[in-house]
Each structure stands twice: as structure tokens, then as C-alpha cells.
Amino acid sequence: MKAVLILATQVFEHHPALDDPDIDVVFFVESDAAFRRHRYHAHKIVLLLSAMRHAAARLEDRGIRVERITLDRGLGFLAGLRALVQEHDVDGLAWMSATDRGVDVRLQRFCDSEGLRSRVYPDELFLTPAPDVDEWFGSHAGARMEDFYRWQRRRTGILMHGAQPAGKRWNFDADNREPLPKGGVDVPPHPELAHDDITRTVIAEVAERFPDAPGDPAQFWLPVTPSDAQVWLTDFVQHRLELFGRYEDAMAADEPFLFHSLISPLLNIGLLRVDEVVEAAVAAGDRIPLASLEGFIRQVIGWREYMRGAYRAMSHLREANHFALTRQLEPWWYSGRDVPDDLPLPVRTVLARVHRWGYAHHIERLMVLGSWFLMQGYDPRSVYDWFLALFVDAYEWVMVPNVQGMSQFADGGVVATKPYISGGAYLQRMGSWWPTAREAKESEFTSAYWDFLDQHEDLLAGNHRLAVPLAQMRKLRGR
Ligand SMILES: Cc1cc2nc3c(=O)[nH]c(=O)nc-3n(C[C@H](O)[C@H](O)[C@H](O)COP(=O)(O)OP(=O)(O)OC[C@H]3O[C@@H](n4cnc5c(N)ncnc54)[C@H](O)[C@@H]3O)c2cc1C
């Protein structure tokens, strides 16, 4: 008998194994050990478990044979898979290539040791086939996202008129990235989805089995099926895409989501496909300003695919630590309790959001959390572990280039051209966090910024993009 193993991050509506006439049975493994490897946010565990159980139920409804190892068996991933293989007399195993490094190798070794024939389908979490992205990175050493993005647009024809980019520009960044207007702006709420029996059972199970997980499982808020993911996407395109570009970098002390799409947790486990997302956005047509549409498309087919390529191309990134930082994150980052009183307001607010939702939008991750971690001298590996545990969309392939590369500059400037750090003035401009500009300027955040530039002056001095801030720092310090 031949089986396909569907991983928790591959719960597609249409998995390629369904077109494979050789497959007799579908396997799912809920690995207790995998969910305990880090102190994961409860919503991440609920999302993965409920999405897997829904995928199994959908297949069974279609008359497909499904065999599962459930969490209550307390098995690790390979032990669970071995139990399935032995219980169902399997002699061949197929799976979709996993995005995180090492999974395919472990599965192949497992097949070899169990005497199973193996078959691997290409990874469908991305628009770009893995060999193409590898070839691009292999032939464009040191190339930046913008180069990749133009290649991607030309390759796919997305937002192209023949050889010309729509609107005759590749990039509308200059039209985007405004702070919210002074009087505020109405932010359409994301849809509230009713939980079915499967999700309610998972929520109760997670509450019982993982009592120390950050976040409250009862407040779980995400879609867990491809059809609800479509509702989520349609809602974004109808109500938030129009202002996505303009307020992409904006922050607000009282609003966690603004005009962001909230689709990364869904894209990263196959509940949405990149081509569906692109199609839905492009189909919105002239109603959406091109600057917003292009800004969103750039995130999805540019940044997301570029980061995956960077991860594949740079295997050393995971351990990088350019500034040799050693401080470990304190336990309160995980528990959300006993947070020190002097933690600056933006950091405290975003931390509370992460505990509530397992989510923060890009600029909060980069310029509030990431910037604070770097300026405080936290070890990038400790930072990585925290993001991996606390965020509902976090997996190794996307975390390594974003956390180690873009946010913590641990690679010394491969993914980003300069460390993304700022004083309070930038946060105040984009988010009005403090009552006055003066308080922003005199905040802990600003002091941490100057201290960081001072402490790491030697390593930063060669970066021409930091010449002005370094000169300001020297002047402030009377040098
Ligand atoms: C420190 C740090 C950690 C991050 N960790 C993750 C993570 O664990 N998982 C994750 O998917 N993204 C991560 N990102 C990238 C980005 O912040 C999130 O993809 C985005 O905030 C998700 O929210 P959204 O779906 O509302 O995105 P939107 O702002 O609506 O953007 C649309 C989509 O574009 C894609 N995208 C945009 N930027 C990136 C990027 N830099 N890398 C990958 N995809 C991108 C995502 O799929 C996202 O859903 C991280 C960024 C930083 C700076």
C-alpha cells in the first residue's frame, strides 16, 4: 500500500497527491513533541491542529481513506509516522517537499530505514518553483529584493503590460507609507468567524494540554479551512486593500491590524495559495489605487518569495551573530506577565498584542520589537526563538531571513543594507506613541538608539547609510 503524508503546513484544498493514482491512503501525524519543542502561542497550536483535522475530514468526506495519529497518543513525529506505516502495512511513502531545511532529508532517511519507496512532490507554498529560485539566487550574488521582484514580475506577467510594468513604474513606494491622519481613520474590522465542533474541541484540548502556552486558546481568531480563508481574503480585498499601501508603515497605539491583510498564517500552511491571493487582488481592478495594489503584490510575490530564496541560498544565516550579542530574552517576554515598568510604551503595547493575537504587523515587528531587541543587545538566536514561538505565522524559512537577516542584522548586511533601528522620533512620526514629540525624543527608545550606535561604532562606521546618524551620535556625546 502507498501512503501520502500531509504535513501540518501543507493543508491545501487540493494536495497534489489527490491526482496521484498510486496513493491508497493519506496520513496525518499530530506530534505532541513537535508542539512542545518551543513554548508556542496557543493560537499557533490551535491553528495547526484544527487546520489538519479539517483537512482530514474534508478528504474523508470525499471518500478518501485517511489514517491519523492524534495528539493524545503522545508520540513524536517520526514515531507517529512509524506507527502508521507499521499499522497499515505501507511499502511506499510520498510527501510534498517541505520548505524548512532538513525535513525532506529526515523523511528520506526514515524511508530508507523502513525500506519504503519514496516520492516527493514539489513545494506548492510558493509561486516560484524551487529550482528557479535557486538558479536566480545562484546567478545573482548580492542582489537585492528589487532585482528579484522585477524578475518575478517579468517571469509571471503579474501587473505587466507586455514588457512594461503597470503604471510605467516598478515601485510606488513614494506614494505609500504615510502615518495615519491626525483625526484618525476608520479601520474596517476583520471578519469574526464562528468556530465549529472541530475547532471547539481543539481549543479545549490545547487549553488542557498546553496550560503554559502564551495566549488564550479561547480567543482564537483565525480561519482554519480553505473556504474560510477565502472569506478572509475577500474581506481584505473589499475593505482594506484600498488603503493598504498608503498606511503600510503606519502604526497606532489603539489599533493592531490597520489595513494589513492578515493572510501570512494562511499562506504559510497552504490554506491560501499565492496565485489565489494575486488573482483576488488584481481582480479588484480600478477600484484599488495602483500604488496600493502594487505595494501589496510586491509583498506577496516579491518579499515573501525573495525571503524563501534567501533562506535556501544562505544556510549559515541561522547561526549568524554579527554584533556578537549575548543577552537572553527574559521569561516575561514569553509569559507576558511582570513586564518591567520602564519598558517603552510602543514595545509594551506590541508585546501585549503579540500575546493577545500571536500577530503584529510588519513595521511593529521590524521597527518596534526588532529594533528594541537589537538595541538592547539581545542574542539574535534568542530573539529568533521568541518570534518562532509567539507568532502564528512563524516557520524557519521565513524567520531566518526576516529575523536574523532583516531585523537583527546578524548577517552583517546581506539581506538588509543597514540595521533597521531608530530612535523615538521615527516611531512618533509613524505612530504617535507618546503624548508629545519631546517625550518621544527623550524616551528610553531614543537613548537605546544612541547607545547602540555608540557601542557598535566600529562595526557600523563602514556603512555609508549610517554616516549621518553616527555623526549625530558623536556630536551628542561631545566627540
Ligand atoms: C522580525 C520579523 C519577523 C517576521 N516574521 C515573519 C514570520 O514569522 N512569518 C511571516 O510570514 N512573515 C514574517 N515577517 C514578515 C512580515 O512582517 C509578515 O509577513 C507580515 O507582517 C504578515 O502580516 P500580514 O499577513 O498582515 O501582511 P501584509 O502586510 O498584509 O503583507 C502581505 C503578505 O506579504 C508577505 N510578506 C510581506 N513581507 C514579507 C517578508 N518580509 N517576508 C515574508 N513574507 C512577507 C506575507 O505573506 C504577508 O501576508 C517578519 C518580519 C520581521 C521584520
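One can find the structure itself at the top, above this paragraph.
A. Region of the structure containing the environment of R68. Assignment of secondary structure puts R68 in strand β3 (residues 66-69). Overall, the relative accessible area of 35% leaves R68 in the partly exposed class. In sequence terms R68 and A56 are twelve residues apart; their C-alpha atoms lie 8.3 Å from each other.

B. Up close: the environment of M375. Looking at where M375 falls in the secondary structure, it is placed in helix α15 (residues 362-375). Given the relative accessible area of 4%, M375 is considered buried. Between the C-alpha atoms of M375 and H456, which are 81 residues apart in sequence, the distance is 10.0 Å. Discounting chain neighbours no more than four positions away, the residues touching M375 are I421, S422, F445, A448, Y449 and F452.

C. How the structure looks around unusual backbone geometry. Positive phi, normally seen in glycine, also occurs at L159, with a value near 50°. Look at L159 and you get buried, because its relative accessible area is 12%. Of note in this structure, A324 is not a glycine but carries a positive phi near 50°. As for its placement among the helices and strands, A324 is situated in the loop between α12 (290-313) and α13 (332-335).

D. How the structure looks around the site of the ligand. Close to the ligand lie 27 residues, the nearest being H260, S261, L262, Y359 and H362. A distance of 2.6 Å separates an oxygen atom of the ligand from a polar side-chain atom of S261. Take R365: an N or O atom from its side chain is 3.3 Å from a nitrogen atom of the ligand. Within the complex, 99% of the 820 Å² of free accessible area of the ligand lies under protein. Elements represented by at least two residues in the shell around the ligand include exactly α10 (264-267), α12, α15 and α17 (396-407). Here the element with the most residues in the shell around the ligand is α12; it accounts for six residues. Class assignment of the residues belonging to the shell around the ligand gives a composition of 15 nonpolar, nine polar and three charged.

E. Representation of the side chain of S422 in the model. Along the polypeptide, S422 turns up in the loop between α17 and α18 (424-431). Exposure remark for S422: the relative accessible area of 6% places this residue in the buried category. Apart from residues no more than four positions distant in its own chain, S422 is found in contact with M367, S371, M375, L427, F445 and Y449.

F. Inspection of helix α3 (residues 77-87) at higher detail. Along α3, the residues classified as buried are G80, L81, A83, L84 and V85. Against β1 (2-5), β2 (25-29), β3, β4 (92-96) and α4 (103-114) lie the buried residues of α3. Just downstream of α3 lies D89, where phi reads positive at about 55°.

G. Structural context of the nonpolar core. Among the nonpolar cores identified, the biggest contains 142 residues, and W333, L369 and W386 are the most heavily contacted of them. With eleven residues, helix α2 (residues 42-61) is the largest single contributor of residues to this core. Sequence-distant contacts of W386, that is, excluding residues within four places in its chain, are made with L329, W333, Y334, L351, V354, L369, F373 and F391. Core analysis: the second largest hydrophobic core is formed by 20 residues, V29, I69, A83 and L107 among them.

Conventions we followed
Residues numbered from 1 in each chain as written. Predicted model: local features only at pLDDT ≥ 70, side-chain atom pairs only at ≥ 80, totals over all residues. Heavy atoms only, no water. Helix = DSSP H or I, 4+ residues; strand = E, 2+ residues; numbered from the N terminus. Buried < 20%, exposed > 50% of the residue type's maximum accessible area, 1.4 Å probe, protein only. Contact = heavy atoms within 4.5 Å. Near = heavy atom within 4 Å. Polar contact = N/O pair within 3.5 Å; in protein donor to acceptor, adjacent residues only side chain to side chain. Areas by Shrake-Rupley, 256 points an atom, 1.4 Å probe, with all protein chains shown as cover. Nonpolar A, V, L, I, M, F, W, Y, C, P; charged D, E, K, R; others polar. Core = buried A, V, L, I, M, F, W, Y, C linked by side-chain atoms within 4.5 Å.

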